[in-house]
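Here's the letter readout for the chains.
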There are 2 protein chains.
Amino acid sequence: MLYDEVIVQTIRVETPSAKYDVFAGSGLLAELAPRIERAVKRLPRRVFVVTSPEIWALWGKKFLRSFHEMAGEARGRQENFEAPVALFLPPGEQHKTVKSVERLLREMVKAGGDRGSLLIAFGGGIVGDVGGFVAATFMRGINYVQVPTTFLAQVDSSVGGKVGVNLPEGKNLVGNFLQPRAVFADIGVLGTLPDRELHAGLMESVKAGFIRDRALVRFMEEHSEEILAREPKALEKVIAASIRMKAEVVRKDERENGLRMILNFGHTVGHALEQATKYKAMLHGEAVAWGMVATLAVARRRGTITGGQMERMEKLIYRYGPLPKLKVTAARVMAATGRDKKNVGGVRRFVLPVGIGDAGVVEDVSVAELEAGVRYMLVRSRTAFKG
Amino acid sequence: MLYDEVIVQTIRVETPSAKYDVFAGSGLLAELAPRIERAVKRLPRRVFVVTSPEIWALWGKKFLRSFHEMAGEARGRQENFEAPVALFLPPGEQHKTVKSVERLLREMVKAGGDRGSLLIAFGGGIVGDVGGFVAATFMRGINYVQVPTTFLAQVDSSVGGKVGVNLPEGKNLVGNFLQPRAVFADIGVLGTLPDRELHAGLMESVKAGFIRDRALVRFMEEHSEEILAREPKALEKVIAASIRMKAEVVRKDERENGLRMILNFGHTVGHALEQATKYKAMLHGEAVAWGMVATLAVARRRGTITGGQMERMEKLIYRYGPLPKLKVTAARVMAATGRDKKNVGGVRRFVLPVGIGDAGVVEDVSVAELEAGVRYMLVRSRTAFKG
């Protein structure tokens, strides 16, 4: 089972608002145009690609090839299809803004976009979130597909329809829920991903295992060398398992009224860390990793995990490290958790692991409990990666 | 039937994404808090009112009264409900921008808004469109209700879930479809509406009659004096009929893939006029009125209406005038129609009346036909209100 021959895996996502496929495997980029056409029935005349300059420099030519072929065929048939128009979003959380969205929308109008146009988000999580939100709001919503190029985006943000941008007051405070028409996770493009980003992305797979998939936890424990060496079959296994977990949760709770909240395991403290360090000191996956460590400490004190389980879980997190040292105080982190948008009606909702492979949402975590968890995390940030 | 005693009429809107009631009548403002509570099950701790300074100065005190009573009761029951927080949008199309949306979103975060918060859009069409879009995007969407204060907003924009803002490139190019949880159209607040706005708003009722409701056309012909004198029962009749027409169309086609397009009767040229005059020379309803005149001329040439029908329809439009003189050239109007967002895939979709009380969408209106209609409209703008 583990190393069987798989080229492209298809994972079906079904929600009340949409049904679509996530494709994970190698060689997807080369077949993008016909695959997208199958997903949206008919490619419109105007296709937009929202991407980053870096990704486009590395993969733009390969990306465009299948579209150029299709445009050539369309000309042969006297049809009205043109090759995609690339629109750029500079890298970095500082560009995940309302202002960027407005600029992209205006560029689309100027380039002749209409309500039948299609948008392809081709890049990491930020490109996916911003591109998806542009698609959700352009002329009140057009079709879009996700072509994630980072591990994190492939296993997490490209699936589930959460799109949006940040406000100066906090992360992801503006957005929509809009499912893509398809997601294409090409493992081939991960070849140019920096090690640090791969490791940070793997933290979302660790999270997926912790909250919902014991077998994935075991696989990531036993095959960490192959995974970190980017052995395609090992990566594919982790990616497909992570997407499957997320698809199942999103199917049951598209709009995060209940179950979907468990996906935020580690994210309350993770978001606070990102905010307290102004999104500059660490990658999202790294912040979530530290957030999971803080959460494990809260869970241990409550007894929802044993000491042995905590040790095993922490070890797995650090196996996919190293994580950056934290240079913030507990007080700053605590202050930043106050604005987390999951705090419906002032209640502090919090996701706790229950053993390994399960998790639940509780509403009665006190400030003192959370602070103890944060303090444990800060101690571990000084000691976990010594020797 | 015509003058029977009616206090509040309830019109049910059912779409694939939502079911809700539109209430039209007198005295709704005084009972707002309990009525909204019934619609959303339970009022959250934090309620926001997006409104204009003018409307708030006129009606804010009355608006707040039922909420203060409810807050008092909640304190008695030790519950966590506070009176609404008012957020202001200055009047005018120039504030219907992405920038205003961002400012309102930030104010909501700072005032402690969360995913359970409720937004009430209390004002004219611009307040409704902007407020609704803020609700649709705040933390990926919160509940909202519409409390329209202009005739136009009551009969048209508050119902149907179209929300959004303009770009410098054109009107309503950014937005979402999100249905409100309820709409409260209080005829009482129309008392302070300037005559010109009432007349402009009545144009959407004229439109409603032309495309879908022959009986409404006849009522507006026969009772124009009572309507223009703001006789409550006559107004209520026109408002309820207009909303019913819109509710029926939206029920059949929420996202404007087909039938809903007929609501854009007169709007292709109307939007072009607004754009060509930078949204300053006329009200939306006035622009639509002139757009209908241009459209009638196109329809007459095609033979979808008779000469007698055209005369009768034009007469009804002018009965609810006067309309402002047009100071644009045919060339400018034509250029502005080129960017209308209904032009899917480059095809010029156009709504034509078929007799009185019916309409259809055609795709083959030529530039020459449209220009002839625009020229007719410009001639009528010089002659229709003489003597």
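Up top you'll find the structure we're talking about.
Residues numbered from 1 in each chain as written. Chains lettered and ligands numbered in written order. Predicted model: local features only at pLDDT ≥ 70, side-chain atom pairs only at ≥ 80, totals over all residues. Heavy atoms only, no water.

Visitor: Help me out: how do you make sense of the overall build of chain A in this one?
Guide: The helix and strand inventory of chain A stands at 14 helices and eleven strands. Along the first, second and third principal axes, the C-alpha set of chain A runs to 70 × 45 × 40 Å. At a minimum sequence separation of 6, the contacts of chain A that also span at least 24 residues come to 76%. In the structure as shown, chain A presents an accessible area of about 14,800 Å², 52% of it carried by carbon and sulfur atoms. Mean positive and mean negative side-chain charge positions of chain A (57 and 43 charges, respectively) differ by 4 Å. (Helix = DSSP H or I, 4+ residues; strand = E, 2+ residues; numbered from the N terminus. Contact = heavy atoms within 4.5 Å. Areas by Shrake-Rupley, 256 points an atom, 1.4 Å probe, with all protein chains shown as cover. Lys, Arg positive; Asp, Glu negative; His and termini not counted. Charge placed at Lys NZ, Arg CZ, Asp CG, Glu CD.)

Visitor: How should the side chain of A:Arg46 be read in this particular structure?
Guide: Residues and elements named next belong to chain A. Residue position: Arg46 is located in the loop between helix H1 (32–40) and strand E3 (47–51). According to the relative accessible area criterion, Arg46 is buried, its value standing at 12%. At 3.0 Å, the side chain of Arg46 forms a polar contact with the backbone oxygen of Ala111. In contact with Arg46, other than residues within four places in its own chain, are Glu82, Ala83, Val85, Ala111, Gly112, Gly113, Ser117 and Leu118. (Buried < 20%, exposed > 50% of the residue type's maximum accessible area, 1.4 Å probe, protein only. Polar contact = N/O pair within 3.5 Å; in protein donor to acceptor, adjacent residues only side chain to side chain.)

Visitor: What's the story with the pattern of salt bridges in this structure? I'm lost.
Guide: Side-chain pairs of opposite charge can arise where the charged atoms are in close proximity. Using the criterion set out here, one finds 50 salt bridges over all chains in the structure. The partner of B:Lys96 in a salt bridge is B:Asp129, with the nearest N and O atoms 2.7 Å apart. With B:Lys96 in the loop between strand E4 (85–88) and helix H3 (98–110) and B:Asp129 in helix H4 (residues 125–137), this pair connects stretches of sequence that are 33 residues apart. In the salt-bridge network here, residues are joined through shared partners; they are A:Arg12, A:Glu14 and A:Asp21. (Salt bridge = Lys/Arg side-chain N within 4 Å of Asp/Glu carboxyl O.)

Visitor: Whenever I open this one, the environment of B:Leu193 confuses me. Can you help?
Guide: Residues and elements named next belong to chain B. With respect to the helices, strands and loops of the structure, Leu193 is situated in the loop between strand E9 (182–186) and helix H6 (195–212). Between the alpha carbons of Leu193 and Arg251 there is a distance of 30 Å; along the sequence they are 58 residues apart. Residues in contact with Leu193, not counting those within four places in the same chain, are Thr149, Thr150, Phe151, Leu198 and Arg230.

Visitor: Could you clarify how one ought to interpret the interface of chain A and chain B in this entry?
Guide: Accessible area lost upon the coming together of the parts is a frequently used measure of interface size. Across the contact, 37 residues belong to chain A and 38 residues belong to chain B. Across the chain A/chain B interface, buried area totals approximately 3,400 Å², and carbon plus sulfur atoms make up 55% of it. Counting across the chain A and chain B interface gives six salt bridges. A salt bridge links B:Arg115 to A:Glu256; the nearest nitrogen and oxygen atoms lie 2.3 Å apart. Run the count over chain A and chain B and you get 15 residue pairs in polar contact (both at pLDDT 80 or more). (Buried area = accessible area lost by both parts, 1.4 Å probe.)

Visitor: Explanation requested: the relation of the copies chain A and chain B in the structure shown.
Guide: Copy one and copy two of the chain differ by a rotation about an axis and a translation along that axis. Note on the identical chains: chain A maps onto chain B by a rotation of 180 degrees and an axial translation of 0.0 Å, with an RMSD of 0.0 Å. Put plainly, the chains are arranged around a two-fold axis. A shared binding surface is used by both copies, with 100% of the interface residues of chain A retained as interface residues in chain B. (Least-squares fit on C-alpha atoms with pLDDT ≥ 70 in both.)

Visitor: Would you explain H1(A) in this entry?
Guide: Side chains three or four residues apart in an α-helix point the same way, a direct result of the helix having 3.6 residues per turn. Residue and element names in this part refer to chain A. Taken as a whole, H1 has its buried residues at Leu32, Ala33, Arg35, Ile36 and Val40. All buried residues of H1 project into a common sector of 165 degrees when viewed along the axis, lining one side. Following H1 by one or two positions, Lys41 has its phi on the positive side, about 75 degrees. (Arc of directions from axis to C-beta.)

Visitor: So what exactly am I meant to see when it comes to the packing of H3(B) against H4(B) here?
Guide: Residue and element names in this part refer to chain B. Two numbers describe how H3 lies on H4: the axes approach to 10 Å, and their chain directions differ by 55 degrees. Considering their axes alone, H3 and H4 lie oblique with respect to each other. For the pair H3 and H4, the crossing hand works out as right-handed. Facing H3, whose interface residues are Val101, Leu104, Leu105 and Met108, H4 presents Val130, Phe133, Val134 and Thr137. Along the lines of polarity and charge, the residues of the contact of H3 with H4 split into seven nonpolar, one polar and no charged. (Axes fitted to C-alpha atoms, helices over the stretch in contact; angles between N-to-C directions. Parallel < 35°, antiparallel > 145°, perpendicular 65-115°, else oblique. Left-handed = near helix turned anticlockwise from the far one by under 90°. Nonpolar A, V, L, I, M, F, W, Y, C, P; charged D, E, K, R; others polar.)

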